[in-house]
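Commentary on secondary and tertiary structure
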Amino acid sequence: MPEPIRWGILSTANIATKVGSAIQSAANANLLAIASRCENKAREWAEVKGVPKYYGSYDSLLNDQEIDAVYIPLPPSMHAEWVIRSAEHGKHILCEKPIAANFSQASEMAQACRKHNLQLMDGVMWVHHQRTAVMKQIIEKGNLGSLRRVASAFTFNWDQIPEDNIRTKKELGGGSLGDLGYYCVRAILWAFEDLPERVFSTVQNKSGVDFNVTAMLWFQEDRMATFDCGFDTVLRKWFEISGTKGSIVCDDFTVPTNDEARFWLHDPSGQAAVHKIKDCVQEINMIENFSQQVYLMKEKSLPIQTDWIDIAVNTQRVCHAINKSAEDSAIVNLADIV
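Residues numbered from 1 in each chain as written. Predicted model: local features only at pLDDT ≥ 70, side-chain atom pairs only at ≥ 80, totals over all residues. Heavy atoms only, no water.

**Some words on the nonpolar core**
Selection criterion: Among buried residues, those of type Ala, Val, Leu, Ile, Met, Phe, Trp, Tyr and Cys that are joined through side-chain atoms within 4.5 Å constitute a nonpolar core. Whether a residue is buried, partly exposed or exposed follows from its accessible area with a 1.4 Å probe, protein chains only, as a fraction of its type maximum: under 20%, in between, or over 50%, in that order. The contact rule is simple, with two residues in contact once any of their heavy atoms fall within 4.5 Å.
Counting residues in hydrophobic clusters, the biggest one holds 82 residues, and the most contacted among them are Phe 227 and Phe 239. When residues no more than four places from it in sequence are discounted, the contact partners of Phe 239 are Trp 126, Met 135, Ala 151, Ser 152, Ala 187, Trp 190, Ile 248, Val 249, Cys 250 and Phe 253. In terms of nonpolar packing, the next biggest core, distinct from the first, is built from 25 residues, Ala 16, Ala 46, Val 51 and Leu 94 among them.

Spelled out as structure tokens, the structure:
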């Protein structure tokens, strides 16, 4: 076994606990340090999680020469600053989604990582699940025929809006599109392996952020996609990918509801066959995939995985177009988002 990739985490945000556990469980990773703007919080987190080092500032962690890679679970409004700083300190970066607060920032982050020859990836866990690979194989084998439609939804319901939640704070990059719709956009781009030509969306705003979003996306070759996301509807996390000969339905694509991750393959007559995948933890897969890439770059001089960077930036680009469409109440051509 090669030496594990040494990780640090910037922030003790709630999601840091889940990803931190994944780093500790991954076969090729070691969680070396945690940083917080409050040193006491960092120390307490490190003691509870069994992490050797803690820092009272993010810069202090970035100055640690032993750390190879960082995970950044900060609010979206802070991603650009700390991804760029991390790159300047020679760290490979796994950044929580959405990759940035806007498309311009995402482009700047990508440019900084490319300049310093450092890997950047957004923390979209579901794409690292074995189920996702199986579904992709089915699509690539032509079982669905020519793809025509993708539909997706990711919602949950707040009976009372939590005013102190970052999802409701515009200045921190809150809103349902970045928090939930980002997953749906990624699913659409993943299925079609293409960018839309134009988009149209409608948005309902509450508490200063987009509370729910409904969008339509038009692609070349008679393909179309739709999705909705929001904080005002019961939990839904599904997609359907439909072609001329069949369709795939996955009702929990963002996070499997049970230990057995499932999806259904429908044939031309509408008959469905269920597929199940056991014993796969997507967040551990994500860490192991990223750590393997960092190892190959360090030890084998492997180039940056540009696909990981491109898909994150393109997801943000489409989200930007969707936001602009809602603001202008008009169809937006993606070619105009540069």
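Still to come is the rest of the account.
**Focus on the sheet that holds strand β2 (residues 29-35)**
Inclusion rule: Two strands form a pair only when DSSP identifies at least two bridges running between them. Going along the chain from the N terminus, every DSSP run of H or I of four or more residues is numbered as a helix, and every run of E of two or more is numbered as a strand. The angle between two axes is taken between their N-to-C directions and runs from 0 to 180 degrees, where each axis is a line fitted to C-alpha atoms and a helix contributes only its stretch in contact.
Overall, parallel pairing links the six strands, which are arranged β3-β2-β1-β4-β5-β6 in an open sheet. Strands with a single pairing partner mark the edges of an open sheet, and in this sheet they are β3 (53-55) and β6 (120-122). Ignoring strand direction, the axes of neighbouring strands in this sheet form an average angle of 25 degrees. Helix α1 (residues 14-25) rests against β1 (5-10), β2 and β4 (69-72) of the sheet, and its axis sits at about 150 degrees to β2.

**Some details on the side chain of Gln 282**
Our working rule: Polar contact criterion, stated in full: a pair of N or O atoms within 3.5 Å, where within protein one must be able to donate a hydrogen and the other to accept it, and residues adjacent in sequence count only if both atoms are side-chain atoms.
With respect to the helices and strands, the residue Gln 282 is situated in helix α8 (residues 282-300). There is a polar contact of 2.9 Å between the side chain of Gln 282 and the backbone oxygen of Thr 254. Excluding anything up to four places from it in sequence, Gln 282 contacts Met 125, Trp 126, His 128, His 129, Thr 254, Val 255 and Pro 256.

**Quick notes on the sheet that holds strand β11 (residues 232-243)**
On the basis of which strands lie adjacent, the open sheet formed by nine strands has the order β14-β13-β12-β11-β7-β10-β9-β8-β15 and mixed pairing. With partners counted over all chains shown, the strands left at the sheet margins are β14 (272-277) and β15 (332-333), one partner each. Bridge count between strand β12 (residues 247-250) and strand β13 (residues 261-266): three bridges; the pairing is antiparallel. Pairing of Ser 247 across the sheet is with His 266, part of β13. Sitting on the sheet, helix α7 (residues 176-192) touches β7 (147-157), β9 (209-219), β10 (223-230) and β11, and the angle it makes with β10 is about 160 degrees. In the packing of helix α9 (residues 306-328) onto the sheet, the strands contacted are β8 (198-206), β9, β10 and β15, and the crossing angle to β8 comes to about 65 degrees.

**Overview of the packing of α7 against α9**
Put simply, the rule is: For a crossing to be left-handed, the near helix must be turned anticlockwise from the far one by less than a right angle; the clockwise case is right-handed. Amino acids outside the nonpolar list (Ala, Val, Leu, Ile, Met, Phe, Trp, Tyr, Cys, Pro) and the charged list (Asp, Glu, Lys, Arg) are all regarded as polar, and Gly is one of them.
Across the interface, α7 lies against α9 with an axial gap of 9 Å and an inter-helix angle of 115 degrees. In this structure, the crossing between α7 and α9 has a hand that is right-handed. Of α9, the residues touching α7 (which contributes Leu 177, Tyr 182, Val 185, Arg 186 and Leu 189) are Ile 311, Ala 312, Asn 314, Thr 315, Gln 316, Val 318, Cys 319, Ile 322 and Asn 323. Its residues assigned to classes, the contact of α7 with α9 shows nine nonpolar, four polar and one charged.

**With respect to the environment of Val 203**
Mapped onto the elements, Val 203 comes out in strand β8. A sequence separation of 100 residues divides Val 203 from Phe 103, and the C-alpha atoms of the two residues are 19 Å apart. When sequence neighbours within four positions are dropped, the list of residues in contact with Val 203 reads Asp 210, Asn 212, Val 213 and Ala 326.

**With respect to unusual backbone geometry**
Phi is mostly negative for residues that are not glycine, and the peptide bonds are mostly trans. Cis peptide bonds are those with omega within 30 degrees of zero, and the linkage from Lys 97 to Pro 98 qualifies with -10 degrees. Examined against the element boundaries, Pro 98 turns out to sit in the loop between β5 (92-95) and α5 (103-115). Non-glycine residue Glu 221 carries a positive phi angle of around 65 degrees. Among the residues examined, Glu 221 registers a relative accessible area of 61% and is labelled exposed. A positive phi is found at Asp 222, a non-glycine position, where the angle reads about 60 degrees. With respect to the helices and strands, the residue Asp 222 is situated in the loop between β9 and β10.

**Some words on α9**
Where we set the bar: Any helix carries an expected span of 1.5 Å times its number of residues minus one.
End to end, α9 covers 33 Å across 23 residues, agreeing with the expected 33 Å (1.5 Å per residue, within 8%). Considered for burial, the residues of α9 that qualify are Trp 308, Ile 309, Ala 312, Val 313, Thr 315, Gln 316, Arg 317, Val 318, Cys 319, Ala 321, Ile 322 and Ser 325.

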